[in-house]
Amino acid sequence: DRLLLHNLVVFAPKRAFDLRADIFYYKVIQGIRDAVARNDVHLSYCAIEENDADIPAFLKKLGNPACDAALIVGIDDPHVHALAADIGKPCVLINCNSDSMRLDAVSPDHQLIGRYSANYLIEHGHRDILALMCLRRSTMERRLNGVREAFAAHNMVFDDNRHLVATAGFAAEEARAALTRHLAGRERENYPTAILAGGDFMASGAIAELL
């Protein structure tokens, strides 16, 4: 039996509600919609920043008597996490960085994702692998750490100048421009043989550059 919850609020960064801005979080939210569709649960949404969130807006939404529970998606602000725990309503963090462990949390193992992906490429003969990633969140830093672990496990040196292109965001055009600059500094015969992209849009930007 499910909890008697009728009004669920989803807090997430603004880009999470735009398919063209963040396909990963958009699909997460779509999954939440699908999961509650067969139950008598009303979903509402509130966009707040990953860090330095609008606390009054968060408290107003979460503190509303009509709000029975909350899902906090991709928000790392520890103040938000602490307030959610103190208010005492059912709340789950999804893909958040939280050290307090006061709330239930669900997140992919980003370090394992990075290590497994790089291992797969290395085991298929690739040695010049480029990680094309946005590192503005600690989750992606952990993914990069996994890539570094895979290199080390195969006695390969991970050189940031050669094996890493970091971007400020996840957009396709930004990824394409960053890859253009990186490749301009390398001879064609020294191009990477594989690219690990940090998201679907980043991958599409890389593909567009290489076509």
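Details of the structure are given in the entry above.
Bear in mind that the values here come from a model prediction, so they are computed numbers and not experimental data.

Some remarks on the sheet that holds strand β6 (residues 129-134)
Reading across the sheet, the 3 strands line up as β7-β6-β8 and stay open at both edges, with parallel pairing between neighbours. The open sheet terminates on both sides in strands that have one partner only, identified here as β7 (164-167) and β8 (194-197). Between one strand and the next, the sheet's axes are offset by a mean angle of 15 degrees, whatever the strand orientation. Relative to β8, β6 runs parallel, the two sharing 4 bridges. Residue pairing across strands places Ile 129 opposite Ala 194, the latter belonging to β8. This element, helix α4 (residues 110-123), spans β6 and β8 of the sheet and lies at about 170 degrees to β8.

Structural notes on the packing of aromatic side chains
Think of a pair of aromatic rings as described by two things: how far the centres are apart, and how the planes are tilted against each other in angle. Taken as a whole and assessed by the stated rule, the structure comprises 4 aromatic pairs. Relative to Tyr 45, the ring of Phe 17 has its centre 5.7 Å away and its plane inclined at 70 degrees; by these criteria the two rings are edge-to-face. Here Tyr 45 lies in strand β2 (residues 42-47) and Phe 17 lies in the loop between β1 (7-12) and α1 (23-36), a separation of 28 residues in the sequence. The class for Phe 17 is partly exposed, based on a relative accessible area of 27%. Considering the side-chain rings of Phe 24 and Tyr 25, the 5.3 Å spacing of their centres and the 50 degrees angle between planes classify their relative orientation as tilted.

A few points about the packing of helix α7 (residues 172-184) against helix α8 (residues 200-210)
Running from N to C, α7 and α8 cross one another at 45 degrees; their axes reach a closest spacing of 7 Å. Classified by the angle between their axes, α7 and α8 sit oblique to one another. Where α7 crosses over α8, the handedness of that crossing is right-handed. Between α7 and α8, the residues in contact are Ala 172, Ala 175, Arg 176, Leu 179, Thr 180 and Leu 183 and Phe 201, Met 202, Ser 204, Gly 205, Ala 206, Ala 208, Glu 209 and Leu 210, respectively.

With respect to the environment of Val 147
Mapped onto the elements, Val 147 comes out in helix α5 (residues 138-153). Once you skip the residues sitting within four places of it in the chain, Val 147 turns out to touch Gly 114, Arg 115, Ala 118, Phe 158 and Leu 196.

Details of the sheet that holds β1
Strand-to-strand pairing in sheets goes through backbone hydrogen bonds, with the strands running parallel or antiparallel. Reading across from one edge, β2-β1-β3-β4-β5 is the order of the 5 strands in this open sheet, with parallel pairing throughout. If you trace the sheet from one side to the other, it starts and ends with β2 and β5 (104-106), each paired once. Neighbouring strand axes in the sheet, compared pairwise and without regard to direction, differ in orientation by 20 degrees on average. In this sheet, β5 lies alongside strand β4 (residues 91-94) in parallel orientation, the contact comprising 3 bridges. Bridging across to β5, Leu 93 finds its partner in Ala 105. With respect to the sheet, helix α2 (residues 55-63) is in contact with β1, β2 and β3 (69-73), its orientation differing from that of β1 by roughly 160 degrees.

Things to note about a nonpolar patch on the surface
A cluster of nonpolar residues, Leu 112, Tyr 116 and Tyr 120, forms a patch on the protein surface that exposes about 350 Å² of accessible area. The class of Tyr 116 is exposed, set by a relative accessible area of 59%.

Thresholds applied
- Residues numbered from 1 in each chain as written.
- Predicted model: local features only at pLDDT ≥ 70, side-chain atom pairs only at ≥ 80, totals over all residues.
- Heavy atoms only, no water.
- Pairing = 2+ DSSP bridges.
- Helix = DSSP H or I, 4+ residues; strand = E, 2+ residues; numbered from the N terminus.
- Axes fitted to C-alpha atoms, helices over the stretch in contact; angles between N-to-C directions.
- Contact = heavy atoms within 4.5 Å.
- Phe/Tyr/Trp six-rings, centres within 6.5 Å; stacked < 30°, edge-to-face > 60°.
- Buried < 20%, exposed > 50% of the residue type's maximum accessible area, 1.4 Å probe, protein only.
- Parallel < 35°, antiparallel > 145°, perpendicular 65-115°, else oblique.
- Left-handed = near helix turned anticlockwise from the far one by under 90°.
- Patch = residues over 30% accessible without salt bridge, like charges linked within 9 Å, V, L, I, M, F, W, Y side chains within 5 Å.
- Areas by Shrake-Rupley, 256 points an atom, 1.4 Å probe, with all protein chains shown as cover.
- Salt bridge = Lys/Arg side-chain N within 4 Å of Asp/Glu carboxyl O.

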